[in-house]
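Inside the fold
Below, each chain spelled out in residue letters.
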Amino acid sequence: MTVASKTPLLDRVTTPAQLRQLDPSDLRQLAHELRQETIDAVSVTGGHLGAGLGVVELMGCRASGLSA
């Protein structure tokens, strides 16, 4: 039995070049997947997640052409 990935878009992006090639409409989904992956990891290992979530938001701003 195959379990569907919770982060299908994130699973496909392995290089910065692939990130830049994403359609702008995919960036919201990618940011959601990055947030979820960060929260899942911190819930297992402990630690702080504020900085990691902030980086996701900055990445979204930069990728969409907004200045942060």
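What you are looking at is a predicted structure, and each value in this text was computed from that prediction instead of being measured.

**Details of the pattern of salt bridges**
Applying the stated rule across the entire model yields one salt bridge. Residue Lys6 pairs with Asp40 through a salt bridge whose shortest N-O separation is 3.0 Å. One end of the pair, Lys6, is in the segment before helix 1 (8-12); the other, Asp40, is in helix 3 (residues 27-45), with 34 residues separating them in the sequence. By relative accessible area, which is 23% here, Asp40 ends up partly exposed.

**Quick notes on the nonpolar core**
One finds Leu9, Leu10, Val13, Leu22, Leu27, Leu30 and Met59 forming the largest nonpolar core, which totals seven residues. Elements supplying a minimum of two residues to this core: helix 1 and helix 3. Ignoring anything within four residues of it in the chain, the contact list for Val13 reads Gln18, Leu19 and Leu22.

**Things to note about the side chain of Glu33**
Structurally, the position occupied by Glu33 is in helix 3. Here Glu33 occupies a buried position and makes no salt bridge, while the nearest side chain of opposite charge, Arg12, is found at 7.3 Å. Polar side-chain contacts of Glu33 include one of 3.0 Å to the backbone nitrogen of Leu9. If we ignore the near neighbours within four places in the chain, the residues touching Glu33 are Lys6, Thr7, Pro8, Leu9 and Leu10.

What counts, and where the lines are drawn
- Residues numbered from 1 in each chain as written.
- Predicted model: local features only at pLDDT ≥ 70, side-chain atom pairs only at ≥ 80, totals over all residues.
- Heavy atoms only, no water.
- Salt bridge = Lys/Arg side-chain N within 4 Å of Asp/Glu carboxyl O.
- Helix = DSSP H or I, 4+ residues; strand = E, 2+ residues; numbered from the N terminus.
- Buried < 20%, exposed > 50% of the residue type's maximum accessible area, 1.4 Å probe, protein only.
- Core = buried A, V, L, I, M, F, W, Y, C linked by side-chain atoms within 4.5 Å.
- Contact = heavy atoms within 4.5 Å.
- Lys, Arg positive; Asp, Glu negative; His and termini not counted.
- Polar contact = N/O pair within 3.5 Å; in protein donor to acceptor, adjacent residues only side chain to side chain.

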